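Spelled out, the chains give:
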Amino acid sequence: MMKIVTILGARPQFIKAASISREIMRVNEKSNVKKIEEIIVHTGQHFDTNMSEIFFEEMKIPKPHYNLNINGMGHGAMTGQMLEKIEEVLIKERPDWVLVYGDTNSTLAGALAASKLHIKIAHVEAGLRSFNMKMPEEINRILTDRMSTVLFCPTDTSIDNLHREGYEGFDCHIVKSGDVMQDGALYYAGLESTQTRRDTPFVLATIHRAENTDDISRLSAIIDALNEISKSTAVTVPLHPRTKKIIHDQNIQLNDNIEVIDPVGYLEMISLIKNSTMILTDSGGLQKEAFFFKKPCITLRDETEWVELVSHNFNLLAGADKQKIVKAYSSHKFNDDYEIDLYGKGKASVKIVSELLALKQGRM
Ligand code: UDP
């Protein structure tokens, strides 16, 4: 039997891990013997019910075997404590693989703990780069990639990035898997509870990235743009707790036509995306979901890791520039031919789990 320890802790990781856990369960159900044991470690980075628990419930992710409850501290303390606690779990569990997702502190701590114990690391969403070294996520993904044994790349660009950094000279496997978020979007969009309709048009916006929330001039400019857009179309904002706190503390004013709601579960999020007319976001995942559900997207950042969306004109980078955001909203002509396959066809989890099994059986 192959044993995997999955490290997760932040909202987008629950969404990505759900598809892999479902595939692991499918493989086990299909064979007579249990082929894979998955031990889930939740670092506690996101802990509110609507940022964590709701995803486990709705998406039927197996309950974590370990909950490390590490949150509410600076990057150093958080990553350090995670490293210490994850190491303890790995010494006890001795897995064949440590599976990490994306680019958070939980990803980095998981990879670092595993690498010191010489446990093989599989990184899902490898090779992405923003080339902005001020982003904590960029540091996390570069370091995690370098420690990983197998790098599951979602796109051609992510593979090119690794080649440019000389990865063919390293002792690792680069696998083009496609994007696990596509798997989740296809699967969960098919569930009945995602069919809620809204009758009036609205734009869906999310803001949570540190480069926007921790810079008041950027945050104010984005809110100004949303205030302006809301004069013609309603704007719905499921607001991340961090952004909510800063908007409140800084007394930033939002127009009445902006509907601020608490963060929602994934099924409701899909319903909001499907019903919206456009997405404005600084989220990585949501940029792709806009494409999956055929909605134009304005990205509230200066760069993106999902460059193919921009080069194909499904997505426009508007930074935190009020005029640019409002102009993009009112007059940009986006590509509306969504037939192109940029992220695989929802088969990433099948590819990832089968590769892990094959590599365990000696194809190293
Ligand atoms: N999301 C959600 N509820 C919300 C806001 C976002 O389920 O209220 C989902 C969103 O659809 C996407 C994921 O959370 O799948 C993105 O997470 P986030 O924006 O926190 O992180 P990023 O993708 O930027 O790493």
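Conventions used here
- Residues numbered from 1 in each chain as written.
- Predicted model: local features only at pLDDT ≥ 70, side-chain atom pairs only at ≥ 80, totals over all residues.
- Heavy atoms only, no water.
- Near = heavy atom within 4 Å.
- Polar contact = N/O pair within 3.5 Å; in protein donor to acceptor, adjacent residues only side chain to side chain.
- Areas by Shrake-Rupley, 256 points an atom, 1.4 Å probe, with all protein chains shown as cover.
- Pairing = 2+ DSSP bridges.
- Helix = DSSP H or I, 4+ residues; strand = E, 2+ residues; numbered from the N terminus.
- Axes fitted to C-alpha atoms, helices over the stretch in contact; angles between N-to-C directions.
- Contact = heavy atoms within 4.5 Å.
- Salt bridge = Lys/Arg side-chain N within 4 Å of Asp/Glu carboxyl O.
- Buried < 20%, exposed > 50% of the residue type's maximum accessible area, 1.4 Å probe, protein only.

K.L.:
I'd love a proper account of the site of the ligand, names of residues and values included.
P.N.:
Around the ligand lies a shell of 17 residues, among which Arg 209, Val 264, Gly 284, Gly 285 and Glu 289 are the nearest. Residue Arg 11 places a side-chain N or O atom 3.0 Å away from an oxygen atom belonging to the ligand. Note that an oxygen atom of the ligand is positioned 2.5 Å from one of the side-chain N or O atoms of Arg 209. Burial of the ligand by the protein amounts to 96% of the accessible area it has alone, namely 540 Å².

K.L.:
Give a description of the sheet that holds strand β11 (residues 278–281) that names residues and reports values.
P.N.:
Overall, parallel pairing links the six strands, which are arranged β10-β9-β8-β11-β12-β13 in an open sheet. Of all the strands in the sheet, just β10 (258–261) and β13 (315–317) have a single pairing partner and so form its edges. Taking the axes of each pair of neighbouring strands and ignoring which way they run, one obtains an average angle of 20° across the sheet. Across four bridges, the pairing between strand β8 (residues 202–206) and β11 is parallel. Residue pairing across strands places Thr 206 opposite Thr 281, the latter belonging to β11. On top of the sheet, helix α14 (residues 322–331) reaches β8, β11, β12 (297–299) and β13; it is set at about 170° to β12, its chief contact.

K.L.:
A description of the pattern of salt bridges should follow, citing residues and the corresponding values.
P.N.:
A pair can form between side chains of opposite charge whenever their charged atoms are brought close. Tallied over the entire structure, the rule returns 21 salt bridges. A salt bridge links Arg 129 to Asp 145, with the shortest nitrogen-to-oxygen separation between them at 2.9 Å. Taken together, the positions of Arg 129 in the loop between β5 (120–124) and α5 (136–147) and Asp 145 in helix α5 put the pair 16 residues apart, joining distant regions of the chain. When sorted by exposure, Arg 129 lands in the same class as Asp 145, which is buried. Where Asp 341 meets Lys 345, a salt bridge forms, and the shortest distance between an N and an O atom there is 3.5 Å. Under the relative-accessibility criterion, Lys 345 is labelled exposed at 59%. One salt-bridge network, in which partners are shared between bridges, spans Asp 103, Glu 138, Arg 141, Glu 211, Arg 301, Glu 303 and Glu 305.

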